Amino acid sequence: MKSISAVLLTCAFATASCSLIGTGDDQEQATAQAGGEVVLVTHESFVLPDEVQAAFEEQSGYDLVVRASGDAGTLTNKLVLTRADPTGDVAFGVDNTFASRALEEGVFEGHDFEAPAGVSAFDLPGDDEHALTPVDNANVCVNVDDTWFEAEGIAAPQTLDDLTDPTYEDLFVLPSAATSSPGLAFLLTTIAAKGDAWPDYWADLMDNGALLTSGWSEAYQGDFTQGGGKGARPIVLSYDSSPAFTVDGKGGTSTSALLDTCFTQVEYAGVLAGAANPEGARALVEFMTGPEVQAALPDSMYVFPVADDTPLPEDWASFAEQPTDPWEVDPAEVAANRDAWLTEWRDVTTG
Amino acid sequence: MNTWRRPLTLVGLALVPVVVLGVFFVLPVTGMVARGFWPDGDFAPGGVIDVLSRPRTGRVVWFTVWSAGLATLLAVAVGLPAAYVLHRLDFPLRRAIRAALLVPFVLPTVVVGVAFRQLLGEAGPLGFLGLDGTPVAIVAGLVFFNAAVVIRAVGASWESLDARPAEAAAALGASPRQVFLTVTLPSLRPAIISAASVVFLFCATSFGVVLTLGGTRYSSIETEIYLLTTDLLDLPGAAALSIVQLTAVVALLAIAGRLRASADPSVVRVPARPRRPRRSDLGQVVATGLLLAFVAAPLLTLLVGSLQVGDSWSLGNYRALTTTGSQQALLVPVTDALVTSLRTAVDATWISLSLGLLVALAVSRRSRSRAERRIRAVLDGFFMLPLGVSAATLGFGFLITLDSPPLDLRDSPLLVPLAQALVALPLVVRTLVPVLDGIDDRQRQAAASLGAGPLRAVMTVDLPLLWKPLVAASGFAFAASLGEFGATAFLARDDHPTLPVVIFRLIGHPGAMNYGMALAASVVLAVTTAAVMAAVERLRVPSLGAI
């Protein structure tokens, strides 16, 4: 019987000292305030500093609860599936490639308010009720390793057409449109730029040795010459802000974004239809466009603010150049054709 | 009275696990599949049938079957010699090696993927082989992740194998090869089939490996379901593939169940003591060494990468783990995430061990009637099903079915460990059942006739023999929980992310520091796992095996 008591003892010890149960929400309950709580449903990339969350709680009197999981696509589909009984009051993170689906399904409730200057420039076309409020934006652009091109004595590519030029054979790596959101953004770039001829462009791109990976991390960290994994390809699909992260410490940056190849991704926040706390939800949506959140966006979520005159971090101000005229595709058209485009894209790229 | 007691015991033992699995698995999955058949509230199976007749579906199913099948064969082939060497031979560091072999099991695929591709990719030392993005790379990745399952499950069984039949055969003049083929292999067969069926399920439902190592040219059923559910919201399509996946899993389990039936469970066990390696073990030792090299190569790449900042050696990446990232990319320091991971793993382990033990006891009792045997076989298979269902289906299913009282559990902190426990449950059951099957029922009868109650009989007959497999199973459950990403990413609450979720976030941002921290955090996860495994293996009871 000695052995058995040893087992039981071990079990008891293990569960008592380090279980999750019973250690959960004491703190949250202790800080609960008079106004009740606002539940924010979002994707896994959502990060806001504690100070900013505390500022919201102080200004509004509500307690903020964040529930984050999955990517933007997962988030949208979760909202659609739970629209009869939403898991929160506010959703943040639906982007302009998924927004139409959420609107069609009636996931959000309209909330028109006086947003700071600049915000309305990113409003979703066709969103007449103002169900979605823009919070941030980022451009998906082709990035190049300038030091590599300098060392090789070749001029870096500039345009989409350059990428199919034999000079740049086997140099481009990008994530798949089927499994990654920047990948899809680049597919939309080519659809905007080439119209119905986009499949031919992709055929040329693949013939020129473009390498597809499953996600952004595999492409940038694994195959890009300036990524962590020290890959072999000096051209990669990434963001307009990425050059701010390859600063060389000598007053320059080793990469740059090709501003003629960009597609703007906008992320929205909205009040969920059927929210338990619509009042608090509206306060949070308004707070998201306010100065505290807007200023924290670059450092926390690697995206640009939408409100005018928001100060940018130093490296961003110097090295993250935004395109003036990015490519655009109507969100309603994206919603209608996403499936067909992806099927055709898959056929072209897998040959 | 006596005729009723056996079925009642069976029901009593199985009740809790069946209810848990019913609520947290059957209900959500049925909910999602039903949405596919009733897309707008009306029964419209056309969409489902349509997907089944697409040529692409056929290609996806075929790729899944052959890649998983091949990977399983290879994992068994490389795992068997290693199981022998690591569990039957005595040499320095064998416990450490055994613990280290579980490391791949817990590492996030995206990190291992990057490490693998540093070796196989265009710029890597093995780049000349041109394997990057090929099915060969996918199969190699699957073997890398799953060889440990074979080694551990078969090794545990091998360790507690009665040594005397093999010794008798050898004394009668059988060559080592003959002994292995005619005595050892047949006794190991239940364990091998068990391990192989689990490995096959893991391979067939593996998500990250296919995507990361196969580029985007290959789709398995799992990646296809994920894409259809999370990207296209094509629920009829996802339902169709889920049904294909479930049918295939059930068929596989039925076949495995037949093959597994042990020839002669009535053996008295005198476990062999591990012995020093002899010259005749050379082949197995070399094979194990090669396997270790294969497993170690990507891990070493990780380790080296984690120790570099810029072009020089540094511990900077590790020091950074107590911060929230080079910008503020993380809400909590990596060290906090590690604590969350460990706590979650403790919960997942005790849940899956207690459920698994009940299930194993229920299904492994000798049946007195055909009906009883059938019920036990169905139960046995039932608990393997969670391995055969996509995390996306389960995750969305939680949302749409567990949303109203008394099952309003969508935001319960227990959901993550429970989901992980369900993933680990088949591993636990498959590790315990072969051993329980091998216990001579006459021992329990003897105990009973000497006046022991059922509980006392379990304690004195089953538990001493179960100790080692229980240790092995708890290791599995712990490791599976530490490394679980699919379901966790779906459910993780943001204020308490687990370590794999944090690593995924770090490697998903540009900046050398974030990449370095992701590698360092992976190394920490690996070392923690190995340390916990090594500690678990030390929990031994001296009176073991003295029957």
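Fair warning: this is a prediction, and the values are worked out from it, not measured in the lab.

**Some remarks on the overall build of chain B**
Logical step 1: The secondary structure content of chain B amounts to 23 helices and two strands.
Logical step 2: Seen along its three principal axes, the alpha-carbon backbone of chain B occupies a region of about 70 × 65 × 45 Å.
Logical step 3: Expressed as a percentage of the 547 residues in chain B, the buried residues total 57%.
Logical step 4: Once the 43 positive and 31 negative side-chain charges of chain B are each reduced to a mean point, those two points are 12 Å apart.

**Things to note about the interface of chain B and chain A**
Logical step 1: Chain B puts 64 residues into the contact, and the matching count from chain A is 69 residues.
Logical step 2: Buried area between chain B and chain A, both sides added, is near 5900 Å², and the carbon and sulfur share of it is 58%.
Logical step 3: Between the two partners, chain B and chain A, sit zero salt bridges.
Logical step 4: Here chain B and chain A share eight residue pairs in polar contact (both at pLDDT 80 or more) between them.
Logical step 5: No other element matches helix α11 (residues 221-231) of chain B, which puts six residues into the side of chain B that touches chain A.
Logical step 6: Here the residues of the side of chain B that touches chain A sort into 33 nonpolar, 14 polar and 17 charged.

**Points about the packing of aromatic side chains**
All names here are of chain B.
Logical step 1: Under the defined criterion, the tally for this structure stands at 25 aromatic pairs over all chains.
Logical step 2: Ring geometry for phenylalanine 116 and phenylalanine 294: centres 6.5 Å apart, planes at 80°, overall edge-to-face. Here phenylalanine 116, found in helix α6 (residues 109-120), pairs with phenylalanine 294, found in helix α13 (residues 282-306); they are 178 residues apart in sequence, far enough to count as distant.
Logical step 3: On the basis of relative accessibility, which here comes to 5%, the residue phenylalanine 116 falls in the buried class.

**Quick notes on a nonpolar patch on the surface**
Logical step 1: Taken together, the side chains of Val11, Leu15, Val16 and Val19 of chain B present a nonpolar region at the surface, about 340 Å² in accessible area.
Logical step 2: Relative to the assigned elements, valine 11 of chain B resides in helix α1 (residues 2-37).

**A closer look at helix α7 (residues 181-194) of chain A**
All names here are of chain A.
Logical step 1: Between its terminal C-alpha atoms α7 stretches 20 Å, which fits the 20 Å expected from 14 residues at 1.5 Å a residue.
Logical step 2: If you check which residues of α7 are buried, you get Pro182, Gly183, Leu184, Ala185, Phe186, Leu187, Leu188, Thr189, Thr190 and Ile191.
Logical step 3: Where α7 begins, one side-chain oxygen reaches toward the backbone nitrogen of glycine 183, 3.0 Å away; that side chain belongs to serine 180.
Logical step 4: Phi turns positive, to about 60°, at glycine 195, one or two residues after α7.

**Section: the state of the cysteines**
Residues and elements named next belong to chain A.
Logical step 1: Counting across every chain of the model gives one disulfide over all chains.
Logical step 2: In this model cysteine 141 forms its disulfide with cysteine 262; the gap between the sulfur atoms is 2.1 Å. Across the S-S bond linking cysteine 141 and cysteine 262, the dihedral sits near 115°, which makes this disulfide right-handed. With a gap of 121 residues between them, cysteine 141 in strand β5 (residues 133-145) and cysteine 262 in the loop between β9 (255-257) and β10 (263-272) connect regions that are remote in the sequence.

**A short note on unusual backbone geometry**
Logical step 1: A positive phi angle is found at aspartate 309 of chain A, which is not glycine, with a value near 65°.
Logical step 2: Within the element layout of this structure, aspartate 309 of chain A appears in the loop between β11 (304-305) and α12 (314-319).
Logical step 3: Judged by relative accessible area, which is 78%, aspartate 309 of chain A ranks as exposed.
Logical step 4: One non-glycine residue, leucine 93 of chain B, adopts positive backbone phi at about 70°.
Logical step 5: In this fold, leucine 93 of chain B is placed in the loop between α3 (55-88) and α4 (94-101).

**Brief notes about the nonpolar core**
Logical step 1: Judged by nonpolar contacts, the single largest core of 174 residues is most densely connected at Phe108 of chain A together with Phe24, Val154 and Val334 of chain B.
Logical step 2: With 15 residues, helix α7 (residues 135-159) of chain B is the largest single contributor of residues to this core.
Logical step 3: In this structure, valine 154 of chain B is in contact with Leu80, Ala83, Leu188, Ala191, Ile192 and Ala195 of chain B, ignoring residues within four places of it in sequence.
Logical step 4: Formed by 78 residues, the second largest nonpolar core is a distinct cluster that contains Phe172, Val173, Leu187 and Phe263 of chain A.

**Things to note about the confidence of the model for chain B**
All names here are of chain B.
Logical step 1: The predicted model of chain B has a mean per-residue pLDDT of 82, with 92% of residues at 70 or higher.
Logical step 2: Highest mean pLDDT in chain B belongs to α3 (91); lowest belongs to helix α21 (residues 486-491) (75).
Logical step 3: The low-confidence segment residues 263-268, where pLDDT is below 50, has 10 contacts with residues more than four positions distant or belonging to other chains.
Logical step 4: Below a pLDDT of 50 lies the segment residues 541-547, which in the model reaches seven contacts outside its immediate sequence neighbourhood of four places, other chains included.
Logical step 5: Our summary of model confidence lists the complex with pTM equal to 0.82 and ipTM equal to 0.80.

Conventions used here
Residues numbered from 1 in each chain as written. Chains lettered and ligands numbered in written order. Predicted model: local features only at pLDDT ≥ 70, side-chain atom pairs only at ≥ 80, totals over all residues. Heavy atoms only, no water. Helix = DSSP H or I, 4+ residues; strand = E, 2+ residues; numbered from the N terminus. Buried < 20%, exposed > 50% of the residue type's maximum accessible area, 1.4 Å probe, protein only. Lys, Arg positive; Asp, Glu negative; His and termini not counted. Charge placed at Lys NZ, Arg CZ, Asp CG, Glu CD. Contact = heavy atoms within 4.5 Å. Buried area = accessible area lost by both parts, 1.4 Å probe. Salt bridge = Lys/Arg side-chain N within 4 Å of Asp/Glu carboxyl O. Polar contact = N/O pair within 3.5 Å; in protein donor to acceptor, adjacent residues only side chain to side chain. Nonpolar A, V, L, I, M, F, W, Y, C, P; charged D, E, K, R; others polar. Phe/Tyr/Trp six-rings, centres within 6.5 Å; stacked < 30°, edge-to-face > 60°. Patch = residues over 30% accessible without salt bridge, like charges linked within 9 Å, V, L, I, M, F, W, Y side chains within 5 Å. Areas by Shrake-Rupley, 256 points an atom, 1.4 Å probe, with all protein chains shown as cover. Expected span 1.5 Å × (residues − 1). Disulfide = S-S within 2.5 Å. Core = buried A, V, L, I, M, F, W, Y, C linked by side-chain atoms within 4.5 Å. pLDDT = per-residue confidence, 0-100.

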